[in-house]
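A closer look at the structure
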Amino acid sequence: MRQDPLAYLSTELDTLRQQGLYRSLRVLEDRQQAATHFDGRSVVNLSSNNYLGLTTHPKLIEKAIKAITDFGVGSGSVRTIAGTMSIHMELERRLASFKKTEAVVVFQSGFAANAGTVAAILNKDDVIISDELNHASIIDGCRLSKAAIKIFPHKDADAARRILKDLPAAQRKLLITDGVFSMDGDLGALPALSSLAEEYGCIMMVDDAHASGVFGKHGRGTIDHFDVHGRVDIQVGTLSKAIGALGGYVAGSRALIEFLYHRARPFLFSTSHPPSVAATCLAALDILEQEPAIIDRLWENTRFFKAGLQSLGFNTGLSESPITPVIAGESIRAMKLSDRLFEEGVFAQGIAFPTVARDKARVRTIVTATHTRDELQFALDKFQKVGQELGLI
Ligand SMILES: Cc1ncc(COP(=O)(O)O)c(C=O)c1O
């Protein structure tokens, strides 16, 4: 009988189980919203990236349904063959004016935008200077590009300068950081890094996946928040988080965008969004521009919840955004915290190595604009109960 050539995978999974790191997927049986149902349980949901609650916003649903009725459910092709619909072009124009750049290209996901862009614009002769906590999609793009990769300690612009000093002036360089770091919720060193990029002639790139719709005027992102407009050559944003739908985009010069139309592999070799996704994103941009109070509500909830966790005595790291980690230490402790909270009716996902350092396992919380004070207070009460039970506070 043929031996299973994939048997080693089961061994690896057994190791994860022994280490307490095996995770079953939590299944959402309801809408993605602040209070909802996962795995048969009614929970306050602190695990989604649905910052503004737009996944279920009536105006977005209405526009998505209309686009399906008008244009069908799929685009039927990649963008470069027959899959560029007028609504895709309209979304790119709207995003460019939202981000105040010459042009925008939309990708199927934020992951594809990061990985596809870095891999397209660099080659083996080039060098990338990258924050140690940058997102996996940046890391994969760096590897795909075959450029040399130099990592600087988190947010340490002085260390980035030391790396830059030793590089040949003529070598092409990309300096890259997340705008908001997805596991810690702190902000990239944009002003210092933009100055360095100018001084050393680097391409400056920022992944604003968690900042679009959250930071800056009308949610324009960290470039607006730090007022470094015109100093960042490549801005990446997602349509999958605060915008509530799916996708990613690159904002920059017309030449950059046209180059990506020709060379970014996810753009060239993967089918474009269904028209309903583009319509949903357009409706989300209307909301950001016309109803900025929704962003104020997100920040009011963020301040309330973060202060609540801190006054209970939890270690919330250095977060400056609605992403607030509750650091538990060992993986097993973080997973226990997450599991016990879930039993008590609060969904806050546990995050462990290799996503974060071995001794910094945590549960990661994100509040949204649509959480009520009662829901947030309920969650804080449960954090207090379980935190005391596990000796974290
Ligand atoms: C910092 C960061 N960049 C990029 C992405 C990828 O975005 P998407 O989920 O749209 O692929 C994520 C999300 O998972 C992220 O956290």
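Described in the following lines is the structure provided in the data block. As the structure is a computational prediction, the values presented were derived from the model and not from experiment.

1. Thoughts on the pattern of salt bridges
Taken as a whole and judged by the stated rule, the model has 21 salt bridges. Note that Arg26 is salt-bridged to Asp39, the shortest N-O span being 3.2 Å. Taken as a pair, Arg26 in the loop between α1 (7–18) and β1 (35–38) and Asp39 in the loop between β1 and β2 (41–45) lie far apart in primary sequence, 13 residues in all. Linking Arg143 and Asp140 is a salt bridge whose minimum nitrogen-to-oxygen distance equals 3.8 Å. In this pair, Arg143 and Asp140 are both assigned in helix α5 (residues 136–145), three residues apart and thus about one turn of the helix distant. Given a relative accessible area of 58%, Arg143 falls into the exposed group. Residue Asp140 is classed as partly exposed on the basis of its relative accessible area, which comes to 31%. Overlapping salt bridges, with partners in common, bring together Arg340, Glu343, Glu344, Lys382, Lys385 and Glu389 in one network.

2. Some words on the nonpolar core
What tends to happen in soluble globular proteins is that the nonpolar side chains get buried as a cluster. If you look at the biggest cluster of nonpolar residues, it comprises 40 residues, and the most contacted ones within it are Tyr51, Leu52, Leu91, Leu95 and Leu239. Beyond its immediate stretch of four places on either side in the chain, Leu239 contacts Leu91, Leu95, Val106, Gly244, Ala245, Leu246, Gly247, Gly248, Tyr249 and Cys281. Residues Val105, Met205, Ile257 and Leu260 belong to the second largest nonpolar core, which totals 25 residues.

3. Comments concerning the packing of aromatic side chains
Taken as a whole, this structure holds seven aromatic pairs when the rule is applied. Residues Phe314 and Phe383 carry aromatic rings whose centres are separated by 5.7 Å and whose planes lie at 80 degrees to one another, so their mutual orientation is edge-to-face. Residue Phe314 is found in the loop between α12 (293–312) and β10 (323–329), and its partner Phe383 is found in helix α14 (residues 373–389); the two are separated by 69 residues along the sequence. For Phe314, a relative accessible area of 7% corresponds to the buried category. For Phe383, a relative accessible area of 0% corresponds to the buried category. Here the guanidinium or amino end of Arg358 rests over the ring plane of Phe353, the centre of that ring lying 3.8 Å away. Taking the ring centre of Phe304 as reference, the NZ or CZ of Arg373 above it sits at 4.3 Å.

4. Observations concerning helix α7 (residues 190–200)
Within α7, the full set of buried residues consists of Leu190, Leu193, Ser194, Leu196 and Ala197. Down the axis of α7, the buried set is contained in an arc of 160 degrees. They therefore lie on one face. Residues of α7 that are buried in the fold lie against β5 (148–152), α6 (157–165), β6 (173–178), β7 (203–207) and α8 (222–225). Following α7 by one or two positions, Gly201 has its phi on the positive side, about 65 degrees.

5. Some points on α12
Its 20 residues place the ends of α12 29 Å apart at the C-alpha level, agreeing with the 28 Å of an ideal helix rising 1.5 Å per residue. When α12 is considered as a whole, its buried residues turn out to be Ile294, Ile295, Leu298, Trp299, Asn301, Thr302, Phe305, Lys306, Gly308 and Leu309. Turning to α12, the residues buried within the fold contact α11 (275–290), β10, β13 (361–366) and α14. Note on α12: the residue one or two positions beyond its end, Gly313, has a positive phi of about 100 degrees.

6. A look at the site of the ligand
Taken together, 15 residues lie near the ligand, and Gly110, Asp207, His210, Ser240 and Lys241 sit nearest. Interatomic distance of 2.8 Å between a side-chain N/O atom of His210 and an oxygen atom of the ligand. With respect to the ligand, the side chain of Lys241 contributes an N or O atom lying 3.0 Å from an oxygen atom. Coverage of the ligand by the protein chains reaches 83% of its 390 Å² of free accessible surface. Residue composition of the shell around the ligand, grouped by class: two nonpolar, ten polar and three charged.

7. Remarks on the packing of helix α2 (residues 58–71) against α11
In helix packing, the relevant descriptors are the interaxial angle and the interaxial distance, both defined with respect to the helix axes. Two elements in contact, α2 and α11, have axes whose closest approach is 8 Å; the angle formed by their N-to-C orientations is 145 degrees. Crossing of α2 against α11: the hand is right-handed. Packed against α2, whose contacting residues are Lys59, Leu60, Lys63, Ala64, Ala67, Ile68 and Phe71, the element α11 presents Pro275, Ser276, Ala279, Thr280, Ala283, Ala284 and Ile287 at the interface. Each residue belonging to the contact of α2 with α11 can be placed in one class, and the counts come to ten nonpolar, two polar and two charged.

8. A closer look at the side chain of Asp207
Tracing the sequence through the fold places Asp207 in strand β7. One buried charged side chain, Asp207, makes no salt bridge at all; its nearest oppositely charged neighbour is Lys241, positioned 8.1 Å away. Polar contacts involving the side chain of Asp207 include one to the side chain of Asn114, which spans 3.0 Å. Beyond its immediate sequence surroundings of up to four residues, Asp207 is in contact with Asn114, His135, Ile138, Thr177, Asp178, Gly179, Val180 and Val236.

Calculation rules
- All residue numbers here refer to positions counted from 1 along the written sequence of the relevant chain.
- Totals for whole chains, interfaces and linings use every residue, but because this is a predicted model, local features are given only for residues with pLDDT of at least 70 and side-chain atom pairs only at 80 or more, for both listing and counting.
- To obtain the side-chain values, all non-hydrogen atoms of the structure were used and water was disregarded.
- Between Lys or Arg on one side and Asp or Glu on the other, a salt bridge is scored when a side-chain nitrogen of the former is within 4 Å of a carboxyl oxygen of the latter.
- Helix numbers and strand numbers start at the N terminus; a helix is a DSSP run of H or I with at least 4 residues, a strand a run of E with at least 2.
- With a 1.4 Å probe rolled over the protein chains alone, any residue whose accessible area is under 20% of its type maximum counts as buried; one over 50% counts as exposed, and the rest are partly exposed.
- In these notes, a set of buried Ala, Val, Leu, Ile, Met, Phe, Trp, Tyr and Cys residues joined through side-chain atoms within 4.5 Å is what counts as a nonpolar core.
- By the convention used here, residues are in contact when the closest approach between their heavy atoms is within 4.5 Å.
- Ring geometry is summarised as follows: Phe, Tyr and Trp rings, the Trp one being its six-membered ring, pair when their centres sit within 6.5 Å, and such pairs are stacked at plane angles under 30 degrees, edge-to-face over 60 and tilted between the two.
- Here, a charge over a ring is recorded when the distance from Lys NZ or Arg CZ to the ring centre is within 6 Å and its angle to the ring normal is within 35 degrees.
- It is the directions from the helix axis to the C-beta atoms whose arc is reported.
- For a helix, the expected span equals 1.5 Å multiplied by the number of residues minus one.
- The nearness test applies per residue and asks whether one of its heavy atoms lies within 4 Å of the molecule or strand.
- Whenever two N or O atoms come within 3.5 Å, that pair is a polar contact, provided that in protein one can donate a hydrogen and the other can accept it, and provided that, for residues adjacent in sequence, both atoms are side-chain atoms.
- Only the protein chains shown count as covering a residue, and every accessible area follows the Shrake-Rupley method with a 1.4 Å probe.
- Amino acids outside the nonpolar list (Ala, Val, Leu, Ile, Met, Phe, Trp, Tyr, Cys, Pro) and the charged list (Asp, Glu, Lys, Arg) are all regarded as polar, and Gly is one of them.
- Whenever a helix is involved, its axis is fitted only over the stretch in contact; in every case the axis is a line through C-alpha atoms, and angles between N-to-C directions fall within 0 to 180 degrees.
- Should the near helix be turned anticlockwise from the far one by less than a right angle, the crossing is left-handed, and should it be turned clockwise, the crossing is right-handed.
- The charge count includes Lys and Arg as positive and Asp and Glu as negative, but it does not include His or the ends of the chains.

Without other data, these values stay purely geometric and don't point to any function.
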